[in-house]
Each structure stands twice: as structure tokens, then as C-alpha cells.
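Structural characterization, general
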2 protein chains.
Amino acid sequence: MNPMIDETHDIARRSFIDSANDPDSDFPIQNLPFGVFSTSTGEARPGVAIGDQIFDLRAACRHGLLPKDIPQEALAYDSLNALFALGRIPLRNLRRALSALLSEADSGKPARQLASDLIVPMAESRLHRPTRVANYTDFYAGIYHARAAGALLTPENPLPANYRWVPIAYHGRASSVLVGQGTVRRPVGQKPPSHAGRPPDFGACERLDFELELGFYVTGGNTVGNRIAIQDAENHIVGFSLLNDWSARDVQRWEMFPLGPFLSKSFATSVSPWVVTADALAPFRVPAMERLNGDPKPLGYLHDADDQTAGGIDIDLKVFLSTSQMRSQGEGAVEILTSNARHLYWTPAQMVAHHTVNGCNLQPGDLIGTGTISGPRDEELSSMLELTAAGARPVTLPNGERRSFLADGDEITFKGCCRRQNFASIGFGSCTGMITEALPL
Amino acid sequence: MNPMIDETHDIARRSFIDSANDPDSDFPIQNLPFGVFSTSTGEARPGVAIGDQIFDLRAACRHGLLPKDIPQEALAYDSLNALFALGRIPLRNLRRALSALLSEADSGKPARQLASDLIVPMAESRLHRPTRVANYTDFYAGIYHARAAGALLTPENPLPANYRWVPIAYHGRASSVLVGQGTVRRPVGQKPPSHAGRPPDFGACERLDFELELGFYVTGGNTVGNRIAIQDAENHIVGFSLLNDWSARDVQRWEMFPLGPFLSKSFATSVSPWVVTADALAPFRVPAMERLNGDPKPLGYLHDADDQTAGGIDIDLKVFLSTSQMRSQGEGAVEILTSNARHLYWTPAQMVAHHTVNGCNLQPGDLIGTGTISGPRDEELSSMLELTAAGARPVTLPNGERRSFLADGDEITFKGCCRRQNFASIGFGSCTGMITEALPL
């Protein structure tokens, strides 16, 4: 499925919901991301962000406003799994229908008539994790991250020999994928011995970190023993969100040989509440990262002719830090790094094709992380590990505070935005987490 | 919760279902494992194995035969998750009630009166995966396996420096956990380059293997940010099954640095259909594996005073192989190795305590694998990798066939049994899978 630019992307299209027409809104009518929300009076249900409001999909379906291929049953849950199971074509049709409904100029049309039933202020809602994540996989597709982190964690082998052949990944913990709001508790665990031959240290993580990633959600999927061909892979990706792969670096270093990261990651993974559809992102597709001299051509099952035009996505990513001291002094969060989704060595389609080449089954609502998206420049290093050279070069904040890793009370916020001339900007909202102190032993 | 021997373990107790009284039955009335079954006329639902029959829990509940703390809702699904969510005490009470119901000598009692409604021949049923596995974790707790496999896969570091401190584990793929019946398709993938500097090979796995493990299922669980103390860990384990961690060794060797196994495992994991409860296994608890000179004492959060009496479980494990040629010649499967669950360096309780020490949440129905359970002797090496020294020492079968790894048509069957004088033997049924040829490229 090639990215397709159509009338839903028209910058001239405006919504009857005024806040969606603010050029600074993350959620103009050209976006229409899916999420799950609840209000004080209603249970958690699927919705669509529009400006500073949420359009209630379940209520809209009950009123007969949605296309016929969207059954009420697909909206009956507190997660988007059943909706995502419908597949990309019905979801594309739904997005088109929503674009028409929410742009109605005529005040006699149903979405405006029924507005009090259908539209809820986001500020009065609680946002939830978009899907019941049954399977979460985290890739390692950011080559600048792999090089930088590799040089620090495994200096003898910074970029593994397999890196340019294999889209490396590991299974993550699904149960602790959380919506990126509220707090994350500092984990406790075994840490490397202070001297060789001594017992490991044990206690609260002292090298708590974030990793800036994108996540994407599966629609459709495959059955065990079958695979998804690279040419078909985009049909199985419904959309993207921001993803924070919180990491306990000291725990990671000690535990990860030989089977990979486990407790150093499984305490929490945060995702932003809104799933920005692949359809909304169509205008922002760019060529996949160029293979340089010496980089091998991907193997056949990973070769996609479309990569040269649309394998990548141009998404500006930013990370902000707010400390307790900053908040108590009334200071706002400070931007600590910026990056772009262009810096992914492997495309989302390649990740899907690789994930299923062995017959592993993907299921609707599965979450796939891209891996940390660092860029080539110093200000594009997308974790504290990289930014501070594992603590050797602490970051100094404007108020004079210094950070090697995250302190209790630190709040990390990710933001993402797509911009292109003659197109409305598409935002991702935010993915936030504030570190709270470790549970006593 | 200490293992408790009570009247349900009494060897004198007999069932009115004759086949359960056969001393060779895996499922005497002292066992009563949980599973999910369906018949040609009914949907998949929870049941209990008794001799060669299945006792229908949903029907029994409808007839008011089960304890009051087992609500109909807990039996309303095609998985045991909701039943397991009730926790160990209600499940222990349920087992006691079933033991009484199924032992009724008096033909006027309800379970016999209603037998035609409640009891179905296993041979006429289809068995399903016991739980909807939302999370699957695989440990590496068999120290003889770690040593033997480590010597072959990472000879420079056969037993990692962290092994005797950290119960090493990785997240497995939940979606491809299958009931151990039927076929497993040979996976395709990238394999190590034939010469350094050459591209990797790509195609059907040539080193397909099994790994003999136990799996256990979570009841209860914990919320994110909290942990399960070692003293409480057994309360969160409902029971055990056989688990085959199918492994593509060539894919594994190429992909696993630095983040661990991924596609080499995610094509399939098989579990036996019946969950043998921890309560049924009480008479077979034995001291945990002895720590030898030089082995450190476990850290506090992994220290359990009960380990010295009941940390281990004495389960005889056997692996059988049947090839196409053997079947076409009318020969039965041949036993290729035998081991015992005593050979686990870390106890299931230690795995639960470690898994949650960082605040990672376990959920009812989660599956935890122990890792391959090899023993110290040659015939106790519990994978083809170990048994054949990575193919250097092929196994010769009685009919003259040789195997380094698994061939298409090979069927692997695991069996497990607990035996102790003056107690009824408790069997695990079987976990089976036959290899079929790879999906064409």
C-alpha cells in the first residue's frame, strides 16, 4: 500500500471545532489520530483527537455516523485492538469519513447537531493506553544509537557484524507498557560488582535513562507459520506513537549477557496516547536512509523498491526535561535533545517483514518499537547514556543543575511533529513520565 | 504457601471413573490438572483431566457443584486466565471439591448422576492452549544446560560471570505459544555467513532443535511498581506444564548478539495441554539444588528458607523421537534422553521474585519457562545442540538413521511424571510437535 495523498490532507480543509484550526495544534483535521479515553461519567472507549477535543467513536457509531464496514463491536472495548483488527482499508475509509464529518460547514449536519453527545474536551478526559498490548517487540534500527551505545556498552564490538544485515530486535515486556502520563517508579535490581570478584551491588537503579523511540501498531497480522512479504508490510501498520523505552543502565550491563535486556527494561515502557495513522503521515514519507559505500544491499526479503521514495518518515522529535527544582522555581521544561525519524537504518516495513519471515505471527494491537532514534550530531544523541557519554560528561541545565542520568522528580516529555510546506503540521501529542523514588526494599 | 499434603493426595482415594484408577494413568484422582477442551458439539471451555476423561468445569458450575468462590464468570472463556485470576486459595478449594466429587462411591451423588452432562472422553475432545498467554518469559535456570550450551555457543565464556547471581531470563514471544499437538513449521531466516566477510546465508533453518523445559502459569500477580516477595512467590504459581522451546540454532547464532534470541525462538513454543497444579505436586517437593563450594549464597531477595526442604520438584522428564521412516516401518517412538526437574539452579519462587523485583507486573495466565533442564550425565543433555555437541557427534537411532538436528517429519514428544513410594504417580500428559517443511520463499 503506497502512501496516498488525498483530500484528507488538503491544508484548506478546516474543522467546525475551532481549536483544530489553530496552526499550533497537534491535532488538526488532517491528523485524526485514534486513542482511548474516559470521562468522569463514562467508561474507557475509542475516540479521535481533534484540536483540544475528543470525538467519541462509539457514540458516533451508535448514531449511525460511521461507515458500514465499522461494526459497533469493533468499538465495544476499552482498547483499539478490535478496531485495528479490521485492517487498513476500513480504517482508511473511517479516517476519510471522519474528515468529512468533522469538516462540516453546515450546522444542520449530524456531527454538529449531535456535538454534545459526540465531542468531549480532552482536558476533562483521561487518556488510556491505546491497545491491550499482547506482544511488544523492540527493534534496534537507529544505527547512530547502535554505534554510540555500542561504543559505551560493548566497546570491543560497537556495531555488531550482523547489524547491516539483520534488523536486530528483542521481545519486550507487554504487561508494563503504560500510557505516557503520570509517574514511573525507579526500579531496583542487581548492579555490576564494584570490584571484580565481589558480589553484585543491589538496590535502586543509579543510572536510570530514557530512550527516544517511535512505536507502531499492527493492524491485520498473520497466522503462525506464514509470513508478511515486504511489499505487503505497510498494510499491516496502522499508525505510530512516541515510545519511551525506559532503561536501567546499571542493571542492563550486569544482566544482559547472554540473553539480552530483561529487568533493565521491563519495569515500564511509555507510549503516547494517540496513534497517528500511517494515512495521516503520507505527505511526510521520504526516502529511507541512504545505504553508504560499503553498506550491503538488503537481502531479498527486506528489499522494497518503494524505499527509495517513501521508506522513511520525516518526523521531528524532541525531548524535554523538567526537574523538581525547576518546577518549584516556576521554570518550564527545557529541551535537551532533538532528533528525526529519518535516522532509522531499517524501515517499519522491513521490521514487519523480518519479524514474520520465520512464521512468527503478528496480532492486531501488537506494539513494535523502532529502537532509539539518535542522529549523527551531538544534540541528536537520544538517551542520557549517549548524551553524557555514560555519565562522563554530565549535562548542565540552564538553572545550573547537572544530570548524568535521571533523578527522582525528573519529568521526561517526548514530542513529535511533521512539517512540510503547503501541508498542515501533524503532531503526536506528548509522551511523559515523572520518576518517583524506588519502592523500599 | 508451603506445599501441603492432605487427603487429596491419599493413594487410597479412587475415582468412580475407572480409567483414573489405572496405576499407569497420568491423571489419577490425585492429579486433577486444568486445561481447555472442545468437542464436536461444544465450544472450547475449561475442564479437568481424570483418567481418559475430561470433567467439564463450566457445566459443573452451572449445575451448582463447585465451591461458591468459583463464579460462573471465571469459566466463561476459552482460556483459563479468568480462573487463574482467582488466586491459589480458591483454586486449592476447587481441587479439593473436585477430588471429593470425582471420588464419590455412592452412585446417587450428583457427579455420577449428571455424568453424561459433565464427563467427556478425552479421545473425542480437542485440547487447546491452556491460557491466552499475554506474557511469556523464558528463564535459563538449568545450570548444566547453561554450561553445555555456553561451551558451544560462546566458548570464550561458557558460564557467564552473572549466572550464579542472576536468574537470567529473556522475554519470549507470546503469540506463538501453541498447544503441544500437531505440527511446527521449520522456520526460515538469516544464518551465519559461510566465510567471514561474506553475506549471511538465507533459507530454511538447518539446525532445528528442541529444548526440554517446564513452564509454569501465574495466578494472582502484582501491579506495576510493586513486587512479589520470595516468601509470597509460591502463592502466585498455579501449576506446571511441559514446554518445548523450539530453537533454530543457526539463526540464533547469527542474530543473538547483542540483544538475545529473537526469530530463532519466536516461530513456535509448545506447551502441554494440562496444567498440573502446584497443589498436586506437593508430595514431590524436594530440596532445591545444593549450592556447591564456591557458589555464592543467593542475595536476600532470592533467599527462601523453604528452599532447603521444598525449593525443588522431583519430576522425571523424557524426550521421545519418532521419524517418518520409523512410522512408515511401524516402529514406535524412541526415547532419546531423560532428565529431571531437580537440575534447576534457580527455583520457580526465585524466578517470580526476580521477575518482579524491579516492579514488573505479572498477570494471571502469564507463562514462565524454566529454561532447558539438562542434567550432569550425557543422557541428560536436553537439546540436540548438547546431545550431539552441535552436530559433531550425531545420534544414531535404533533403525540406523542419524540425527544432528531435527529433520522434516521428525516428531518430538516430551513426557513428565512424578513418582514416590506410597503416593499415586502424577503425570503431565505429553507435549508433542512434528516438524513440517519450511514455507517456500
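Preceding block: the structure.
These numbers come from a predicted model, not from an experiment.

**Quick look at the interface of chain A and chain B**
How big an interface is tends to be reported as the loss of accessible area on association of its parts. In this complex, chain A contributes 61 residues to the contact, which on the side of chain B involves 61 residues. Of the roughly 5600 Å² buried at the junction of chain A and chain B (both faces included), carbon and sulfur atoms supply 63%. Three residues stand out in chain A for area buried against chain B, namely A:His171, A:Leu259 and A:Phe262, and they jointly supply 15% of the buried area on that side. Where chain A meets chain B, there are 2 salt bridges. Residue B:Asp366 is joined to A:Arg173 by a salt bridge in which the shortest nitrogen-to-oxygen separation is 2.7 Å. Counting every contact that joins chain A to chain B gives 31 residue pairs in polar contact (both at pLDDT 80 or more). The element best represented in the side of chain A that touches chain B is strand β7 (residues 169-171) of chain A, accounting for 3 residues. Within the side of chain A that touches chain B, the residues separate by chemical class into 37 nonpolar, 19 polar and 5 charged.

**Thoughts on unusual backbone geometry**
All names here are of chain A. The linkage connecting Phe257 with the following residue, Pro258, adopts the cis geometry, with an omega of 5 degrees. You can see Pro258 is positioned in the loop between α7 (249-255) and α8 (263-266). Phi at Ala390 is positive, roughly 60 degrees, even though this residue is not glycine. Along the polypeptide, Ala390 turns up in the loop between α12 (384-387) and β23 (395-396).

**Quick word on the sheet that holds strand β2 (residues 42-50) of chain B**
All names here are of chain B. Spatially, β4-β3-β2-β1-β5 is the arrangement adopted by the 5 strands of the open sheet, whose pairing is antiparallel. With partners counted over all chains shown, the strands left at the sheet margins are β4 (119-121) and β5 (126-128), one partner each. On average, adjacent strands in this sheet sit at an angle of 45 degrees to one another, irrespective of strand direction. Two elements, strand β1 (residues 34-39) and β5, share 3 bridges in a ladder whose sense is antiparallel. Bridged to Ser38 within β5 is Arg126.

**Looking at the relation of the copies chain A and chain B**
Relative to chain B, chain A is turned by 180 degrees and slid 0.0 Å along the rotation axis, the superposed coordinates differing by an RMSD of 0.0 Å. Here the two chains are linked by the operation of a two-fold rotation axis. Of every C-alpha in chain A, the one belonging to A:Gly260 sits nearest the axis of rotation, 2.2 Å from it. The fraction of interface residues of chain A whose copies in chain B are also interface residues reaches 100%, indicating that both copies meet through the same surface.

**Section: the packing of aromatic side chains**
For the structure shown, the criterion picks out 22 aromatic pairs over all chains. Note on B:Phe210 and B:Phe414: the rings are 6.0 Å apart at their centroids and 75 degrees apart in plane angle, and the pair reads as edge-to-face. Of the two residues, B:Phe210 sits in the loop between β12 (208-209) and β13 (212-218) while B:Phe414 sits in strand β25 (residues 411-418), which places them 204 residues apart along the sequence. Here B:Phe210 falls in the buried class, since its relative accessible area comes to 0%. Grouping aromatic residues by their ring pairs yields a cluster made of A:Tyr140, A:Tyr163, A:Tyr345 and A:Trp346. Between A:Arg291 and the ring centre of A:Tyr345, over which it is positioned, the NZ or CZ distance is 3.7 Å. Positioned over the ring face of A:Trp346 is A:Arg291, at 5.0 Å from the centre of the ring.

How each quantity is defined
Residues numbered from 1 in each chain as written. Chains lettered and ligands numbered in written order. Predicted model: local features only at pLDDT ≥ 70, side-chain atom pairs only at ≥ 80, totals over all residues. Heavy atoms only, no water. Contact = heavy atoms within 4.5 Å. Buried area = accessible area lost by both parts, 1.4 Å probe. Salt bridge = Lys/Arg side-chain N within 4 Å of Asp/Glu carboxyl O. Polar contact = N/O pair within 3.5 Å; in protein donor to acceptor, adjacent residues only side chain to side chain. Helix = DSSP H or I, 4+ residues; strand = E, 2+ residues; numbered from the N terminus. Nonpolar A, V, L, I, M, F, W, Y, C, P; charged D, E, K, R; others polar. Pairing = 2+ DSSP bridges. Axes fitted to C-alpha atoms, helices over the stretch in contact; angles between N-to-C directions. Least-squares fit on C-alpha atoms with pLDDT ≥ 70 in both. Phe/Tyr/Trp six-rings, centres within 6.5 Å; stacked < 30°, edge-to-face > 60°. Buried < 20%, exposed > 50% of the residue type's maximum accessible area, 1.4 Å probe, protein only. Lys NZ or Arg CZ within 6 Å of the ring centre and 35° of its normal.

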